[in-house]
Every structure is written in structure tokens, then in C-alpha cells.
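# Coordinates in review
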Amino acid sequence: MLIVADENIPLLDSFFGDMGEIRRASGRNMSPDDVRDADILLVRSVTRINRELLEGSRVRFVGTATIGTDHVDLQWLEEQGIRFSAAPGCNANSVVEYVLSVLSLYAERRGLTDWTNLSVGIVGVGNVGGELAAKLERLGFTTRLCDPPRAEREGEQGPEFVSLDEAMECDVVSLHTPLTRNTPHATFHMIGERELAGLTSDQLLISAGRGEVIDTSVLKQRLTSANPPLVALDVWEREPKIDPELVDLAWLATPHIAGYSLEGKVQGTEMIYQALSTFLGLPIRKKAGQFLPEPALSKVSFTSAADEDKAIKTALRACYDPREDDARLRLAMNGSAEERGAAFDRLRRDYPVRRECSSLKVQLKGTSKSLQDSFRAIGFKLKI
């Protein structure tokens, strides 16, 4: 059995090596010739899965090690009898920790001694947005949740939802919707001229879902007009050939890596391994935890003298500081569009190991219960 897989999927040999021959390929440039003889195809979000790629091939199972499926023609796969599996929620916690780190930087910029004084509007309350809301609420933030499809589906049985306009009145607006077109509540260019006009310099817009949710031509105009908001962009229109002028205008710019923690990527691999094993009738014997290496930083310690806000910022940024990715992306915005696109993909392909907060043990000596509760809410392991 031949398994063709995106070269950026981690632990391919560990999870799939005993199932068949593995052939690695560039996800961005995958062609019909690459998959013609494949029985199994494993991809990430940069590969378009459709008739053009798969017609005439032997592929009978497609797995994407990602949350989103807007790169997949699901109807065509179903018509061809090709089994499909995604990895919903695999990197949700990674994206949440990205947002938390951005929030800590923004609170510092605003001069806030207590970051929970920020109100946060969460647009799209699925796997990522839901987990973000739960953590923020445990930390004591005020949140507003906007998710029209869920609001219609769940009614009074669900959480309290607000309109997009109400969510965008918050100090911080964080976007976590899928990309949809030609559907009720379509999200393509959902954030356009009217929505951006209402934002002020006292607000931050975070985009870590899909780049096309924001009309970035309008965003560029807004960022060069009076009283512009700050923006933190991890996803972009026209990836990988993103707009260098927009990078320059962004307060924080990262190369679509919010979900790129090692835990998130490995969990995505594990989920498609489980789905493929079920499809093939094989026992599920492997777990992601078997393959995670020891983290480079395993423990930090705080005493009763620690300031609560500074302790949280220190631990968060010890695990992940988005300013490092911001610097790398800005340095890559040179040359032609093709050169910039290749550089963008290299930043993702060669992404350094990033571990989640759960990999870090936090020792607290004589600290307050509120600090302990905050560390637990974020996901750190505690030693008291």
C-alpha cells in the first residue's frame, strides 16, 4: 500500500510506517502525478483536494491533519466513494495559547496591570473559539460570543450569543470562523468596510482562522486612515504570496503558525492515524504521548514575591512569544512575489519546535490562590 503524504506532517513514520510505503511530497505543489499510484493521501490545508488532483488515481482514503476542510471538495469525494477524515480540534489549544500570548502583549502595550480588564469579542465559537472562551472566562475576562449558525441551531439551549456588531465593540476582537461562501452567514469578507470603520485605535483585531474572512484591501485602507485599530494577523489572503505592505501595517504579523505547536500537529497526525486504522480494520495502538520529546524548558518557579500579572506573562512567553515569529516574517518580505511566497512556506516548513503550556511545570511557593487558579486555567502543570 502506498501512502502519499505532505512532507510537513510530523511523525509519519512513527504512526504510518508499518501500514505501507510512505512517499513524501510538497503539500503546496502536490500534482496528479504525485498521487496517481497512491492508495492513501494525507495532507494539510495547503493542498486542494478535488477532481483535478485525484481523478484517475487509486486513492481511496484522504485524511487532512487540520481542523478546516475548505480546501477539500467533500461532495466530489463522496460521489467517488473516497473516504475522508479531518482532525477537528487537533490544534485548538495551540491557537488559544497564541491568542493568550497576543493578549498579554497587548495588555502590556495598553499599560494594564491586570490583563483581565480587557473585554474580548470571539467571532466563531467552534473548537477554537469555544476553548478560548472557556479559558478567558476562567481567567476572569469579560467575553462576548458571536456565532450566528450556533445561535440559530441551539437557541435558548446554548450560551448567550451577540451580534457581530456587539462583538466588535470589545477591546479585542478575535476571529475563529471557518471560511464559507454562498451559504447563510457566509464568512468570506465578513469583516469589510463597515465593520472595520467601526474599530478605533483603542481596539485590537486578531485574525487566526482564515485569511479571507477579512477583506484585506479594505483593511489596508483602514490602517492608513485616521484612528486605525491595531491588528494581529496570522492568516492572510492569497497565501503564500501575501501582501508585504499589509505585513508592514500590521502591529503583529505571523506566518499562519498559530496552530503549530508540536502537540497540536502531532494530535492532528494521531487523529488521521485513528481514522485510517478504523477504515482499514486495524487496531489502534499508538498515542501521540508516546512520541512527544522532553521539552527544552521543563520547569519555572515563582515565590510569594512574584507579581501575579508578571508571573503569568513570564510563563506564557517562556512557552511562546509571537514577536519571534513576527520578526522572522518581516525579514522574509523581500524580493519578488515568488520569492516571498517561497520564504513564507519555508517559515512554516522549518518551523521551530514550540511546546504548549501543558509541557511546562510551574512551581509556586507561597503564592496566592488566585495565581494558582490562573495558571491552572491556562493549562500549566502546577507544583505547589
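Every chain begins its residue count from 1, and numbering advances along the sequence as written. With pLDDT at 70 or above as the cut-off, local features in this predicted model cover only qualifying residues; side-chain atom pairs require 80 or more to be listed or tallied, and sums for whole chains, interfaces and linings still use all residues. The basis for every side-chain value is the complete set of non-hydrogen atoms in the structure, without hydrogens or water.

## Describing the sheet that holds strand 11 (residues 252-253)
Read across the open sheet, the six strands follow the order 7-6-8-9-10-11; overall the sheet is parallel. Every interior strand has two partners, whereas the edge strands, strand 7 (142-146) and strand 11, have only one. DSSP calls a pair of strands paired once it identifies at least 2 bridges connecting them. Only runs of H or I of at least four residues qualify as helices and only runs of E of at least two qualify as strands under DSSP, and these elements are numbered from the N terminus. Inspection of the sheet shows strand 8 (residues 172-175) paired to strand 9 (residues 204-207) by four bridges, in the parallel sense. Across the sheet, the residue bridging to L175 is S207, located in strand 9. Only heavy atoms matter for contacts: two residues are in contact if any of them lie within 4.5 Å across the pair. Lines fitted to C-alpha atoms define the axes, with helix axes restricted to the stretch in contact, and inter-axis angles between N-to-C directions lie between 0 and 180 degrees. Relative to the sheet, helix 6 (residues 127-139) contacts strand 6 (119-123), strand 7 and strand 8, its axis offset from that of strand 6 by approximately 165°.

## Observations concerning helix 14 (residues 322-331)
The complete set of buried residues in helix 14 reads P322, D325, D326 and L329. Axial view of helix 14: buried residues confined to an arc of 105°, hence all on one face. Facing away from the buried side of helix 14 by over 90 degrees, the exposed positions are E324 and L331. Contact partners of the buried residues in helix 14: helix 5 (92-109), helix 11 (244-249), strand 11 and helix 15 (337-349). Between buried and exposed lies partly exposed: a residue is buried under 20% and exposed over 50% of the maximum accessible area for its type, with that area taken using a 1.4 Å probe on protein chains only. Comment: arc refers to directions from the helix axis out to C-beta atoms.

## Here we look at a negative patch on the surface
Patches draw on residues past 30% relative accessible area with no salt bridge. Two like charges within 9 Å are joined, as are two nonpolar side chains (Val, Leu, Ile, Met, Phe, Trp, Tyr) within 5 Å. With residues, only the protein chains shown are counted as cover, and all accessible areas are computed by Shrake-Rupley using a 1.4 Å probe. A pair is scored as a salt bridge if a Lys or Arg side-chain nitrogen falls within 4 Å of a carboxyl oxygen belonging to Asp or Glu. Residues scored as positive are Lys and Arg, those scored as negative are Asp and Glu, and His as well as the terminal groups of each chain are ignored. Note on charges: their place is set at NZ of Lys, CZ of Arg, CG of Asp or CD of Glu. A surface patch of negative charge is lined by E52, D73, E78 and E79. The exposed category is assigned to E52, whose relative accessible area is 58%.

## A word on the side chain of K286
Along the chain, K286 turns up in the loop between helix 12 (262-280) and strand 12 (299-303). At 2.7 Å, the side chain of K286 and the backbone oxygen of S14 are in polar contact. For K286, the contacting residues outside a window of four places in its chain are S14, F15, D18, E270, Y273 and F291. We call two N or O atoms a polar contact when they sit within 3.5 Å, provided that within protein one can donate a hydrogen and the other can accept it, with sequence-adjacent residues counted only if both atoms are side-chain atoms.

## Here's the deal with the sheet that holds strand 12
Overall, parallel pairing links the three strands, which are arranged 12-13-14 in an open sheet. What marks the edges here is a single partner per strand, and that holds for strand 12 and strand 14 (381-383). Adjacent strand axes in the sheet meet at a mean angle of 25°, parallel and antiparallel pairs treated alike. Relative to strand 14, strand 13 (residues 361-365) runs parallel, the two being bridged by three bridges. Bridging across to strand 14, Q363 finds its partner in K383. Against the sheet, helix 16 (residues 369-378) engages strand 12, strand 13 and strand 14, with an angle of about 175° to strand 13.

## Side note on the nonpolar core
For soluble globular proteins, the rule of thumb is that nonpolar side chains tend to be buried together. The biggest cluster of nonpolar side chains holds 51 residues, and the ones touching the most others in it are Y98, L100, L103, W115, F375, I378 and F380. Among the elements that make up this core, the one with the highest residue count is helix 5 (ten residues). Those residues in contact with F380 that lie beyond four places of it in its chain are A315, L316, C319, C357, L360, V362 and F375. Working definition of a nonpolar core: buried Ala, Val, Leu, Ile, Met, Phe, Trp, Tyr and Cys residues. They are joined through side-chain atoms within 4.5 Å.

## Description of the pattern of salt bridges
Applying the stated criterion to the full structure yields 24 salt bridges. The closest approach of N and O atoms between E263 and R355, which form a salt bridge, is 2.9 Å. Residue E263 is found in helix 12, and its partner R355 is found in the loop between helix 15 and strand 13; the two are separated by 92 residues along the sequence. Residue class for E263 comes out buried when judged on its relative accessible area of 12%. In this structure, a network of salt bridges that share partners links the residues E108, D309, K313 and R317.

## Re the packing of helix 13 (residues 308-319) against helix 16
At their nearest, the axes of helix 13 and helix 16 sit 10 Å apart, and the two run at 25° to each other. Classed by the angle they form, the pair helix 13 and helix 16 counts as roughly parallel. Considering how the two elements wind past one another, helix 13 and helix 16 form a crossing that is right-handed. In this structure, helix 13 contributes E308, A311, I312, A315 and L316 to the contact, and helix 16 contributes S370, L371, S374, F375 and I378. A per-class count over the contact of helix 13 with helix 16 returns seven nonpolar, two polar and one charged. Any angle between 65 and 115 degrees counts as roughly perpendicular, while under 35 counts as roughly parallel, over 145 as roughly antiparallel, and the rest as oblique. Helix crossings are classified by the rotation of the near helix relative to the far one: an anticlockwise turn of less than a right angle makes the crossing left-handed, while a clockwise turn makes it right-handed. Put simply, Ala, Val, Leu, Ile, Met, Phe, Trp, Tyr, Cys and Pro go in the nonpolar bin, Asp, Glu, Lys and Arg in the charged bin, and everything else, Gly too, in the polar bin.

## Structural notes on the environment of L199
Tracing the chain through its elements places L199 in the loop between helix 9 (193-197) and strand 9. Taking relative accessible area as the criterion, L199 reaches 2% and is therefore assigned buried. Sequence separation of L199 and C170 is 29 residues, and the distance between their C-alpha atoms is 9.4 Å.

## Quick look at the packing of aromatic side chains
The relation between two aromatic rings is expressed through the spacing of the ring centres and the mutual angle of the planes. Planes of paired rings set the category: under 30 degrees apart is stacked, over 60 is edge-to-face and the rest tilted, where pairs are Phe, Tyr or Trp rings (Trp by its six-membered ring) whose centres lie within 6.5 Å. Scanning the entire structure with this criterion turns up eleven aromatic pairs. Ring centres of F15 and F16 lie 6.4 Å apart, and the angle between their planes is 50°; on these two criteria the pair is classed as tilted. For the ring pair F15 and F291, a centre distance of 5.0 Å and an interplane angle of 70° mean the geometry is edge-to-face. Taken together, the residues F15 in helix 1 (residues 12-16) and F291 in the loop between helix 12 and strand 12 connect sequence positions 276 residues apart. On the accessibility criterion, F15 (0% relative accessible area) is buried. Ring pairs connect the aromatic residues F15, F16, Y273 and F291, which therefore count as one cluster. We call a charge positioned above a ring when the Lys NZ or Arg CZ atom is no farther than 6 Å from the ring centre and deviates by at most 35 degrees from the ring normal. Lying over the aromatic face of Y320, R354 brings its terminal NZ or CZ to 4.1 Å of the ring centre.

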